[in-house]
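Understanding the architecture of this molecule
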Amino acid sequence: MKRSIFLAILVLLASITFLVGKVPQDERKCQWLDKPVDDLTFKTFLDFFKYDEDLPFEVQTLNVKEHEGVKREHLSFLSTPDERVFAHLYSVIGTSPKKEPALIFLHGGVAAGKDAPHYEVYSELLARGGWRVLSIDLKYFGERGTSLLTTFTEDEKHEKLYNNPPAYLAWMTQCVKDISRSIDFLINEKGVDPNRIGLVGFSRGAVVAEVAGGAEKRLCAVVLLHGGHFDAKEREHLPAACPANYIGRISPRPLLMINGTRDTDFFKETSVDPLFELAKDPKKIIWIEAGHAAMPEEARSSLLKWLQEYAK
Amino acid sequence: MIGKTVSHYKILEKLGGGGMGVVYKAEDTKLKRTVALKFLPPDLTRDDESKVRFIQEAQAASALQHSNICTIHEVDETEDGQLFIVMACYEGDTLKKKMEQGPLEIENVVNIALQVGKGLSKAHEKGIVHRDIKPANVMITDGRVVKILDFGLAKLTGQTRITKTATTMGTIAYMSPEQSRGETVDQRTDVWALGVIIYQMVTGQLPFKGEYDQAVVYSILNDDPEPIDNLRTDVPAEIQEIVQKSLQKDVELRYQRVGDIIGILEALKRKFDSGQLVTPDQKKEHRRKRKKYVYATLAVLIVSVIAVALFLRLGSKARRMNALLEQLHPMVEAAQFDEAFKLINDSGLALRNLKTKDLVVRLGGNLSIQTMPVGALVTLARINSKPDLSKGEDFSIGLTPVVDHLLLAGEYLINLSCEGMNSLEFLVQIDPGESLEVNRTLLEQKNEFSGMVRIDEGVNLDGQSIPAFLIDKHEVTNAEFLDFVTARGYNEEKFWPEDMMIAGVLTPWESAVQKFVDKTGISGPRFWSGGRYPEGKENHPVVGISWHEAKAYCQWAGKNLPNWGQWWRAALGEKESTKPWGGDVRTTHLRANFGFRGTQPVGSYPLGVSLFGCFDMAGNVREWLLDSNADRKLRTVVGGSWKDPDYMFEYSHAESFDPDFASEDIGFRCVKIISQEK
């Protein structure tokens, strides 16, 4: 009797597996979202992100501005031998000389990169909250623009980058290296506390943060603002560039996600919920009744409170 | 050293020496060329760290390829570990040596300063600041080409601050205030030094002097230089202005980029080249010569004067044209249309008069404009992209119809005005070699058309045919919405023809409208108080209104909400534009209100106007549409808002909300269907 029940369960499970395998292609089910790669495979991914730690930064300060009590240094430093990262370093004027906590901020997919007013406001907000904030241009955006992207429309970004698996992996690899070098820069050149460096990403920056958060163990906390697994136009990625293989590996470091219920870029049901499921504790998600980008005051307040607890 | 061979360089002769080391002329025995070797003082590269730093800096500087920057071939090391730089060897003198003979001719000053500026500008583009610009570092070759020496080396020698090395090298007099205070420096330090050099070339003396180093520093930090016109009378005002602004002690008041100085110097150079600029000394000389011939026979004099005048005039025009063409060619190659526009304007010549047809085609395109009714005055203003996005001066090209009017490639703001009709303003892009035809229908000056523009029948981006319609130029403002509230818009059910959905439930109108109240419970938008909009925000778009309220306003105003096809046709037309103003995505922040500055008065971004004359289609507030492209119960908002990054403008980022949802970033504008138009 027991054996027949066992066999029935097996048959049932096999049927479910078969049906799941028959999910139509147009639903764009990512296999890594169902089952992320094992630890042995993941370890090989980390080789992608190795970089020359001894490479001099060759820091160039381009200008320094002050805005209502916040200082913004416009600077650049070498990330890899052929890649110079352009960044803004925000800090509150008169900050104490003792080692401070810091955040690395990653912008969304706009032409202006870190210089878009939207992200300057976020960076200033975080600086006023008590962190030194390094807001960097991701490759192909802002001051790191190339001829790859010119119109920065969603169609162009997806055709040339997000839905071009080899190019996307190369881009993601460079982004993660840039973040690692940003950590080195903050510690070695700016004297911030190496144990209190967090990562905050917005939209496409959040997607990068999902990968970097899993790969770069020196980050003390990771925040994803309006991020998710795939956006509405994304098709597929090579496993080493797929957030599903990294999100679960941010733990035991804390993860915060803030998303809009009406987001038509990263859909709640198909993009955000499944990714959050894969994340491990400590993790938290805050849902706001909004679309993709707008974060009301209470959400910004929740973000600062969470960072106070986990990254300060 | 003379006669010795270092690496594969045979030392020929000593060229000079100073705080930065000794320079020798040498023969590269491998490549059989003459080079200059600069051996740095051993104490600057005494440890491995300093050496590595030196090599990296030299490598960065060697990447600078520009005709006004000394070429660095390589960095090498002698057997006993002494580092040296291998540079191109130029025949000529340093500016320091040239100035030993006294002040320079103004034309010469302009030529030298312009070339130094161009070299610096190139380096600044690459993020490299010289930090030690001084006459000894400026070489003038026998071919009168300026070469800037020692790029990046100042940083290595610690000359970002006052050091023993800087003192011995006589560098202090060229240091900027921030540099002499030991602060972080940027490209504006080079702007300062260039200002000092120009002052010295013109007057033959330094602007900041002292008996000893600290006195020089005190002078740099506290004194104003003696005005140039006290020292020399034939100096054009432009030169005095450059020096005055370059030597501002506050870096923020100084020229922010060397490019700004280059622009002025180029204009001055053109004046010299075209003979427009004559110095007072030259004028004196002319008078003296005239006196000499005053007793010559009258007839011969008249004939001679006429002949000379004709010759000069013709010659001058030909010279101007040739000089113009010579400068235009590289600009065309680099698609620098703004620069070309300025150059042609300054020359006083017209684009159509350029002799080379091929050049005209590569520089300009044709614009044709037809209006209904005809006879509208067409006024244009060029949009300059450099140094910052700005509107140029207005100029008229006559009345419509305008046919094939040749314009230099670029962006233009067009204004159409006609008596009895609403004026219309919109942007166009003229591409080289292309012809653009624009058709616009102007609206009569009547109350019912006030604040609206007409979009003629056409197709939208999806190829869908859209009948003609009128649309508000601006988003509906608080003041306009107050008229609706005052007219008891919330109290009359006839303005609310749609089924009222509250929290997803069909709700009787009387109950539903009770939900639409301000902070004090009075009917009105959620962010109003006491039945009034916030102080000073009368011209801001109304926000905090649900789709139902927007629709009721339209009903009251005899209008409607735009549908998807209408809104996108008004925003982007039928061309594959990226943004309402065209394809320029890098200046979005200057053309649309994105980025957390709160709502702004409607029309605050005139250079973000759409191809049909609508403002704020991108940014400021997202706008309710009549229909929904998603769930039937939800209503669509489009266009992105002040709270969004700019990609939220795109149609793929349209979002849908319940029709009773209200937010601080959602407003609306209205349309009027054409059958209602008289």
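Since this is a predicted model, take the numbers as computed values, not measurements.

What follows deals with the overall build of chain A. Along the backbone of chain A there are nine helices and nine strands. Counting across all 312 residues of chain A, residues that qualify as buried make up 46%.

The helix and strand tally for chain B stands at 20 helices and 27 strands. Here chain B holds 678 residues, and 41% of them are scored as buried. Looking at chain B alone, contacts between residues at least 24 apart form 63% of all its contacts between residues at least 6 apart.

Before going further, it helps to examine unusual backbone geometry. All names here are of chain B. Residue methionine 372 is joined to proline 373 through a cis peptide bond whose omega torsion reads -5 degrees. Checked against the element boundaries, proline 373 lands in the loop between strand E10 (364–372) and strand E11 (377–384). Here the bond from threonine 400 into proline 401 is cis, since omega is 5 degrees, no more than 30 degrees from zero. With respect to the element layout, proline 401 can be found in the loop between strand E12 (390–399) and strand E13 (402–408).

This part is about the sheet that holds strand E9 (residues 146–148) of chain B. Residue and element names in this part refer to chain B. One open sheet holds the three strands; their spatial order is E7-E8-E9, and the pairing between them is antiparallel. Of all the strands in the sheet, just strand E7 (92–94) and E9 have a single pairing partner and so form its edges. Adjacent strand axes in the sheet meet at a mean angle of 25 degrees when their direction is disregarded. Where E7 meets strand E8 (residues 138–141), three bridges bridge the pair, whose relative direction is antiparallel. Bridging from a neighbouring strand, aspartate 93 pairs with isoleucine 140 of E8.

With that settled, the discussion passes to the sheet that holds strand E23 (residues 622–624) of chain B. By definition, the strands of a sheet pair up through backbone hydrogen bonds, in either a parallel or an antiparallel sense. All names here are of chain B. Reading across from one edge, E25-E24-E23-E26 is the order of the four strands in this open sheet, with mixed pairing throughout. Two strands lie at the open edges of the sheet, namely strand E25 (655–657) and strand E26 (666–667), each paired on one side alone. Sheet topology note: the strand E24 (residues 635–638)/E25 ladder contains three bridges and is antiparallel. When the bridges of E25 are listed, valine 637 appears paired with glutamate 655.

Moving on: the interface of chain B and chain A. One frequently used descriptor of interface size is the decrease in accessible area upon assembly of the parts. Facing 29 residues of chain B, the contacting portion of chain A comprises 30 residues. Within the residue set of the side of chain B that touches chain A, elements represented by two or more residues are helix H20 (588–591) and E25 of chain B. Grouping the constituent residues of the side of chain B that touches chain A by class yields eight nonpolar, 12 polar and nine charged.

Moving on to the confidence of the model for chain A. For chain A, per-residue confidence averages 89 on the pLDDT scale, and 90% of positions sit at 70 or higher. Within the model, pLDDT remains below 50 along residues 10–27 of chain A, and this stretch shows one contact once partners closer than five positions in the same chain are excluded.

Residues and elements named next belong to chain A. With their axes 10 Å apart at the nearest point, helix H6 (residues 165–188) and helix H7 (residues 204–215) run at an angle of 60 degrees to one another. Relative to H7, H6 is oriented oblique. Judged by the twist between their axes, the crossing of H6 over H7 is right-handed. Note on element contacts: H7 touches H6 through Val208, Val211, Ala212 and Ala215, opposite Met172, Cys175, Val176 and Ile179. Tallied by class, the residues present in the contact of H6 with H7 amount to eight nonpolar, no polar and no charged.

Parameters and conventions
Residues numbered from 1 in each chain as written. Chains lettered and ligands numbered in written order. Predicted model: local features only at pLDDT ≥ 70, side-chain atom pairs only at ≥ 80, totals over all residues. Helix = DSSP H or I, 4+ residues; strand = E, 2+ residues; numbered from the N terminus. Buried ≥ 20, exposed ≤ 12 C-beta atoms within 10 Å, placed from the backbone. Contact = placed C-beta atoms within 7 Å. Pairing = 2+ DSSP bridges. Axes fitted to C-alpha atoms, helices over the stretch in contact; angles between N-to-C directions. Nonpolar A, V, L, I, M, F, W, Y, C, P; charged D, E, K, R; others polar. pLDDT = per-residue confidence, 0-100. Parallel < 35°, antiparallel > 145°, perpendicular 65-115°, else oblique. Left-handed = near helix turned anticlockwise from the far one by under 90°.

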